[in-house]
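An overview of the molecular structure
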Amino acid sequence: MSMTPIERGLSIEALDPWGTVADLGSQPLEGEVRAYGRMTYGAPTDALSAGYFGATRGKFRLVYPFAEHAVVVAGEVALTDESTGTTTRYRAGDGWFVAKGTSTVWEILSDEFVKHYVAVA
């Protein structure tokens, strides 16, 4: 069995630049949110994948193209479920599950944010 540890406190400097969140299919709402990442299992196009996602401060809308379980490893984010209007703040150590097709608004509250995620298409 091969296991990759989640690196608590990981900085976006340790990740690869992925452009902006708009390049990944999100709708920017405030600021030019830069995206970073590193895959730990599979590829983004696979039925099952995992990796780190990082972003800089700002706000964007994302309609989830997959189901995701994520754990924050650095920074702080407020996620709003647009179907309910509920906003929840997450910090290092906090986690969530989002179903495929859920429309969310992300507000990165810290200068940088990093999560580790598992995605199922």
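First things first, this report covers the structure right here in the doc. (Residues numbered from 1 in each chain as written. Predicted model: local features only at pLDDT ≥ 70, side-chain atom pairs only at ≥ 80, totals over all residues. Heavy atoms only, no water.)

Under the definition given, this model contains 6 salt bridges. K115 is the partner of E68 in a salt bridge, and the nearest nitrogen-oxygen pair spans 2.6 Å. In this pair, E68 is assigned in strand β5 (residues 67-74) and K115 in strand β9 (residues 103-120), connecting sequence segments 47 residues apart. In this structure, E68 and K115 share a single accessibility class: buried. Of the charged contacts in the structure, one is a salt bridge between E76 and R91, with a shortest N-O distance of 3.1 Å. Taken together, the positions of E76 in strand β6 (residues 76-81) and R91 in strand β7 (residues 86-91) put the pair 15 residues apart, joining distant regions of the chain. Overlapping salt bridges, with partners in common, bring together E76, R89 and R91 in one network. (Salt bridge = Lys/Arg side-chain N within 4 Å of Asp/Glu carboxyl O. Helix = DSSP H or I, 4+ residues; strand = E, 2+ residues; numbered from the N terminus. Buried < 20%, exposed > 50% of the residue type's maximum accessible area, 1.4 Å probe, protein only.)

What follows is about the packing of aromatic side chains. Per the stated rule, a full pass over the model turns up 6 aromatic pairs. Consider the rings of W96 and W106, whose centres lie 5.8 Å apart with planes at 80 degrees: the pair is edge-to-face. Here W96 is found in strand β8 (residues 95-98), whereas its partner W106 is found in strand β9, with 10 residues between them in sequence. Across this residue pair, the class does not change: W96 and W106 are buried. With a centroid separation of 5.9 Å and 80 degrees between ring planes, the pair formed by W106 and F113 is classed as edge-to-face. Across this residue pair, the class does not change: W106 and F113 are buried. One aromatic cluster is present, formed by F53, F60, Y90, W96, W106 and F113 through successive ring pairs. (Phe/Tyr/Trp six-rings, centres within 6.5 Å; stacked < 30°, edge-to-face > 60°.)

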